[in-house]
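Coordinates in review
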Amino acid sequence: MKKIIPFLFLAALTVCNLQAQVQWRTMEQASQVDIKSNKKLFFVDFSTSWCGWCKKMDKDTFSDPVVAAILNKYFIPVKFDAEGNSSFTWNGVKYSNTQAPGQRPQTHPFARAILGQKIGFPSFAVFNREKGLSQILQGYQNAYDFSMQLWYICNGDSQRYTYEEYQKIFPTEIKPDMMKRLGLDK
C-alpha cells in the first residue's frame, strides 16, 4: 500500500498537468484552418527566445488550468516566434522571414504587420473566425487577469459591458458561470 500511494500521487499530478497545457499550434498549422468550417477565434502569442516576460507568461499564466481551458476550448492558440524564419500565408498574404546565418535576428514581417509600431513582447493578437484582426493585448498578464480578458473577448461580453464594468462584476457574476462552462467548478 505504501508503494501505491506515491504512484497515485504522481499519476494525479500528471493528469492535472496535462489538463493545464495549452494545445499550441504553429502559424503554418493555423493558416491551414478552413475559415468556412471554423468556429473558434485565433489567438497568437508573439514571443521571442530572449524575452523574460514571455517565459514568465509560459510558466505562470499559460500553465494555469483556467487560461489553458479557455484557450483550448474557444480559440485556436498559436505560439509564434516573432524573430523566427517561418513562411506561411495568412488571410491571403504571404509572410516569410529569411535571415542569413550569424545575422542578428530581425522581427518577422507578420509581427510587424500585426503589431505595427507597438512591437513589444509578449504581445497577443486575437483574430476573428475569418482570420481578421480583432484585438491586440500587450505585456505580461497574471493568470486571473488574463483569463478575465480572454473570457471577455470569447464570450461576447465585450458587446455587453465596458471592460471597467466587467472587472467589477467578473468575480461574482461572470466567473462562476465561466468555471461551470469550462468544467472547472468542482
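These lines cover the structure that appears in this document, whether it is placed above or below. These numbers were taken from a predicted model, which means no experiment stands behind them.

**Observations regarding the packing of helix H4 (residues 65-74) against helix H7 (residues 163-182)**
- Between H4 and H7, whose axes approach to 10 Å, the crossing angle comes to 65°. Relative to H7, H4 is oriented so that their crossing is left-handed. In this structure, H4 contributes Val66, Ala69, Ile70, Lys73 and Tyr74 to the contact, and H7 contributes Met178, Met179, Arg181 and Leu182.
- Class assignment of the residues belonging to the contact of H4 with H7 gives a composition of 7 nonpolar, no polar and 2 charged.

**Brief notes about the side chain of Thr61**
- In this structure, Thr61 sits in helix H3 (residues 52-61).
- Overall, Thr61 belongs to the buried group, its relative accessible area being 0%.
- A polar contact of 2.6 Å, which involves the side chain of Thr61, links it to the backbone oxygen of Gln141.
- Beyond its immediate stretch of four places on either side in the chain, Thr61 contacts Lys56, Val67, Tyr140, Gln141, Asn142, Ala143 and Phe146.

**Thoughts on the pairing of strand S1 (residues 41-47)**
- Among the 7 residues in S1, 7 count as buried, and that is most of the element.
- With burial as the criterion, each face of S1 is covered, one bearing Leu41, Phe43, Asp45 and Ser47 and the other bearing Phe42, Val44 and Phe46.
- Of the pairings in the sheet, the one linking S1 to strand S2 (residues 75-81) comprises 7 bridges and is parallel in character. From the neighbouring strand, Leu41 faces S2, where its bridge partner is Phe75.
- Where S1 meets strand S5 (residues 123-127), 5 bridges bridge the pair, whose relative direction is antiparallel.

**Describing the pattern of salt bridges**
- Counting across every chain of the model gives 6 salt bridges.
- Asp60 is the partner of Lys59 in a salt bridge, and the nearest nitrogen-oxygen pair spans 3.6 Å.
- Judged by its relative accessible area of 64%, Lys59 is exposed.
- Exposure remark for Asp60: the relative accessible area of 28% places this residue in the partly exposed category.
- Salt-bridge contacts for Asp157 lead to Arg160; the nearest nitrogen and oxygen are separated by 2.2 Å.
- You can call Asp157 buried: its relative accessible area is 2%.
- With a relative accessible area of 52%, Arg160 lands in the exposed category.
- Put simply, Asp45, Asp58 and Lys79 are held in one network by salt bridges that share partners.

**Some words on helix H6 (residues 143-154)**
- The first and last C-alpha atoms of H6 sit 16 Å apart over 12 residues, in line with the 16 Å expected at 1.5 Å per residue.
- Within H6, 10 of the 12 residues are buried, which leaves it mostly tucked inside the rest of the structure.
- Along H6, the residues that are buried comprise Ala143, Phe146, Ser147, Met148, Gln149, Leu150, Trp151, Tyr152, Ile153 and Cys154.
- For H6, the capping residue at the N-terminal end is Asn142, with a side-chain oxygen 3.1 Å from the backbone nitrogen of Tyr144.

Cut-off values and rules
- Residues numbered from 1 in each chain as written.
- Predicted model: local features only at pLDDT ≥ 70, side-chain atom pairs only at ≥ 80, totals over all residues.
- Heavy atoms only, no water.
- Axes fitted to C-alpha atoms, helices over the stretch in contact; angles between N-to-C directions.
- Helix = DSSP H or I, 4+ residues; strand = E, 2+ residues; numbered from the N terminus.
- Left-handed = near helix turned anticlockwise from the far one by under 90°.
- Contact = heavy atoms within 4.5 Å.
- Nonpolar A, V, L, I, M, F, W, Y, C, P; charged D, E, K, R; others polar.
- Buried < 20%, exposed > 50% of the residue type's maximum accessible area, 1.4 Å probe, protein only.
- Polar contact = N/O pair within 3.5 Å; in protein donor to acceptor, adjacent residues only side chain to side chain.
- Pairing = 2+ DSSP bridges.
- Salt bridge = Lys/Arg side-chain N within 4 Å of Asp/Glu carboxyl O.
- Expected span 1.5 Å × (residues − 1).

Purely spatial values, then, with no claim about function.
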